[in-house]
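Spelled out from the first residue to the last, the chains are:
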Amino acid sequence: MEIKLLNYTKDPDGICFQTAKICYQSKSNDKEGLLNKIIKAGHLSILEHASFTFLIKDISRVASHQLVRHRIASFTQQSHRYTKATGFFTPEKIQQDAQAKEIFNELTKKALSVYEELLNLGLPKEDARYILPCSIVSDIIVTMNARELLHFFTLRTCQKAQKEIQDIAIEMLKICKKEAPIIFKNAGPPCTRGRCYERKPCEDINQIRHFFAEL
Ligand SMILES: Cc1cc2nc3c(=O)[nH]c(=O)nc-3n(C[C@H](O)[C@H](O)[C@H](O)COP(=O)(O)OP(=O)(O)OC[C@H]3O[C@@H](n4cnc5c(N)ncnc54)[C@H](O)[C@@H]3O)c2cc1C
């Protein structure tokens, strides 16, 4: 998996600060103070004026399916109707278990060879792809505004989210924090801003808080 920031609103903190100032006809120069205030107050439409476009390479169909459930975003995904499917994503736990990895690789290799056979028979890619497991990878472009990104990070950087999308969300958050340090200062799972609402909170909650504070 590889993540690249393709484009974003220049000076995201700045544009949102300007927006907030116009909203309140404020003369303030305290960017951090005003942005923190509007985020705390839930006046989040202000954050919709900054957006970010990411390219995510080699994402599995499992994770891309989870990603596209976020409706306040724009997506364009590599077409397996028109382009040939190539590789697979192997989850970390399978990679770490020699026997599981062998079983996994055996099946994905077989699936890919059946896919090739179907193509060789003259079947279109859009039909041959039905044989592929959901670990098959593709590239996807996603554009989200800062409001939706904060929501996405709340849900998907949490340890309760699946590892692949969690890793993607953490990488995206790292990038966002660099470009918009005020907006994304407290972004991350709910426990970074207060209590955890899960039935079984993580045992290492302080470590998690520290991780996101230092990201
Ligand atoms: C840990 C985890 C487990 C999950 N498990 C499952 C599962 O088992 N099965 C499953 O189907 N999904 C599952 N999901 C997906 C989940 O239900 C959401 O579809 C997904 O997280 C997108 O979140 P969202 O709807 O809040 O956000 P977005 O689609 O990103 O929307 C952002 C916000 O806009 C508002 N909004 C958007 N559309 C509407 C609308 N039509 N009506 C009203 N308000 C709207 C809501 O406030 C929403 O929170 C899981 C998600 C997580 C994080």
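Residues numbered from 1 in each chain as written. Predicted model: local features only at pLDDT ≥ 70, side-chain atom pairs only at ≥ 80, totals over all residues.

Helix and strand counts for the chain come out as 9 helices and 4 strands. When the elements of the chain are put in sequence order from the N terminus, they spell out β-α-α-β-α-β-α-α-α-β-α-α-α. With respect to the principal axes defined by its C-alpha atoms, the chain has extents near 70 × 40 × 25 Å. Partitioning the intrachain contacts of the chain with sequence separation of at least 6 by distance along the chain shows that 72% fall at a separation of at least 24. (Helix = DSSP H or I, 4+ residues; strand = E, 2+ residues; numbered from the N terminus. Contact = placed C-beta atoms within 7 Å.)

This next bit is on unusual backbone geometry. Phi angles above zero are rare outside glycine, and Gln25 is one such case at about 50°. Positionally, Gln25 belongs in the loop between helix 1 (12-24) and helix 2 (31-41). Positive phi is not limited to glycine here, since Asp58 has a value of about 60°. The residue Asp58 is located in strand 2 (residues 51-60) in this model. Under the C-beta neighbour-count criterion, Asp58 is labelled partly exposed, with 16 such atoms within 10 Å. (Buried ≥ 20, exposed ≤ 12 C-beta atoms within 10 Å, placed from the backbone.)

The next point concerns the sheet that holds strand 4 (residues 137-145). Taken together, the 4 strands give an open sheet; going across it, the order is 1-2-4-3, and neighbouring strands pair in antiparallel fashion. Both edges of this open sheet fall to strand 1 (2-8) and strand 3 (73-77), since each of them pairs with a single strand only. Looking at each pair of strands side by side, their axes are set apart by 20° on average, direction ignored. Inspection of the sheet shows strand 1 paired to strand 2 by 6 bridges, in the antiparallel sense. Paired with Tyr8 across the two strands is Phe52, which belongs to strand 2. (Pairing = 2+ DSSP bridges. Axes fitted to C-alpha atoms, helices over the stretch in contact; angles between N-to-C directions.)

Another point: the nonpolar core. Looking at soluble globular proteins, one finds that nonpolar side chains tend to be buried together. Formed by 40 residues in total, the largest nonpolar core has its most connected members in Cys16, Leu35, Ala146 and Leu149. The set of elements that each furnish at least two residues to this core consists of helix 1, helix 2, strand 2, helix 3 (61-67), strand 4, helix 7 (146-156) and helix 8 (163-179). When residues no more than four places from it in sequence are discounted, the contact partners of Leu35 are Asp13, Cys16, Phe17, Ala20, Ile182 and Ile183. (Core = buried A, V, L, I, M, F, W, Y, C linked by C-beta atoms within 7 Å.)

The subject of this paragraph is the packing of helix 7 against helix 8. Interaxial distance between helix 7 and helix 8 falls to 9 Å at its minimum, and their mutual angle equals 140°. Judged on the interaxial angle alone, helix 8 and helix 7 are oblique. The handedness of the crossing between helix 7 and helix 8 comes out as left-handed. In this structure, helix 7 contributes Leu149, Phe152, Phe153 and Arg156 to the contact, and helix 8 contributes Ile165, Gln166, Ala169, Leu173 and Cys176. Here the contact of helix 7 with helix 8 is composed, by residue class, of 7 nonpolar, 1 polar and 1 charged. (Parallel < 35°, antiparallel > 145°, perpendicular 65-115°, else oblique. Left-handed = near helix turned anticlockwise from the far one by under 90°. Nonpolar A, V, L, I, M, F, W, Y, C, P; charged D, E, K, R; others polar.)

Turning our attention to the pairing of strand 4. Sheet analysis places strand 2 next to strand 4, joined by 8 bridges and oriented antiparallel. Bridge pairing links Phe52 to Met144 in strand 4.

With that settled, the discussion passes to the domain arrangement of the chain. Often, the extent of an interface is quoted as the loss of accessible area on bringing the components together. On domain assignment, one finds that the chain holds domain 1 (2-77 + 137-214) and domain 2 (92-131). Of note, the centres of domain 1 and domain 2, computed from C-alpha atoms alone, are 34 Å apart. (Domains from an automatic or database assignment.)

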